[in-house]
Amino acid sequence: MFDSTLTRVGTLFLVLVLGTSLLSEAFAQNNPRGNRGRPAYGQDNQQEQAQVQQPVNQPFISGVYVGIGLNTYQGDLDSNPNDNIIKHLGAAQLDVTVGVDKRFGEFEQFGLGAHLSYDRISGQNIRNLEFTNNLLSLEFTGSYELPYIKQGLLRVFAGGGPMFVISPTYSGFPEEDPTPEAEFEELGTRVVGSFVAGVLVADKVRIGARVSTTDFLDGHSGIFGDGPVDLLGFITVGYRFNLMNY
């Protein structure tokens, strides 16, 4: 069970790394690595004086993020027991995210954030078992901007919070479990936990994985010996409004 889970987590991480590498390379071609905003020696003193004279009072919220993208559900009813990346992408569904953050430290390298994400997931397997579900995740994260790279290019984040499972539907589920290792539970609206980790590229693209604390997002556990939890990969393209500039 855990080997399958590690395989799925590894697949998501591979997609995350590849996506991040491609985006980073494209960004770096147009924006060569800088000195992370530090003024050069001997620069005009007027600029330094202007920085000193900036208002001390800053808004409590540093930025607001709004984005839309895709999620890839990986679980017992994902119709993809071999975890083929292409099939996962072909079955991707809607992901919408809004959030706020607070950044602090020199050059804002640290951050705290809260994001609300909506994900629509569904699946069907060869036994004609089907489900649909709506997930609303409230996630509290910490973030860190990677050093020695162009300022604002890459920021890693991790955290977790409650996941609201809203109005799931099921079809074809038997009244009794057909095998000892398989379990069916047509659970309704409820709250579970989730963990999230990923990277933010250029304050626009969020790439990561969301891991639930249950294996019953799809109402089933035990098909093909899958792991003890359901997973979602996601990639969201959006915009971060920097409130520190106003």
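Residues numbered from 1 in each chain as written. Predicted model: local features only at pLDDT ≥ 70, side-chain atom pairs only at ≥ 80, totals over all residues. Heavy atoms only, no water.

(A) Representation of empty space enclosed by the protein in the model. For the structure shown, the criterion picks out 1 cavity of 30 Å³ or more. Estimated volume of the largest cavity: approximately 170 Å³. The wall of the largest cavity is formed by 16 residues, among which Asp 101, Arg 103, His 115, Arg 155 and Leu 200 lie closest to the centre. Secondary structure elements with two or more residues in the lining of the largest cavity: strand S2 (93–104), strand S3 (110–124), strand S4 (130–145) and strand S5 (154–171). The biggest single contributor to the lining of the largest cavity is S3, with 4 residues. A class-by-class count of the residues in the lining of the largest cavity yields 5 nonpolar, 6 polar and 5 charged. (1 Å grid on protein atoms, 1.4 Å probe; cavity = no way out; pocket = protein on both sides within 12 Å on 5 of 7 lines; lining within 4 Å. Points joined across faces, edges and corners; volume = space filled by probe spheres on them. Helix = DSSP H or I, 4+ residues; strand = E, 2+ residues; numbered from the N terminus. Nonpolar A, V, L, I, M, F, W, Y, C, P; charged D, E, K, R; others polar.)

(B) Highlighting the pairing of S3. Both S2 and S3 contribute to a ladder of 10 bridges, which runs antiparallel. Opposite Val 100, over in S3, you have Ala 114 as the bridge partner. Hairpin connection of S2 to S3: 5 residues between the antiparallel strands, including Gly 105 at a positive phi of 90 degrees. Sheet topology places S3 next to S4; 15 bridges connect them, and they run antiparallel. Within S4, the position partnered with Gly 123 by the bridge is Phe 131. (Pairing = 2+ DSSP bridges.)

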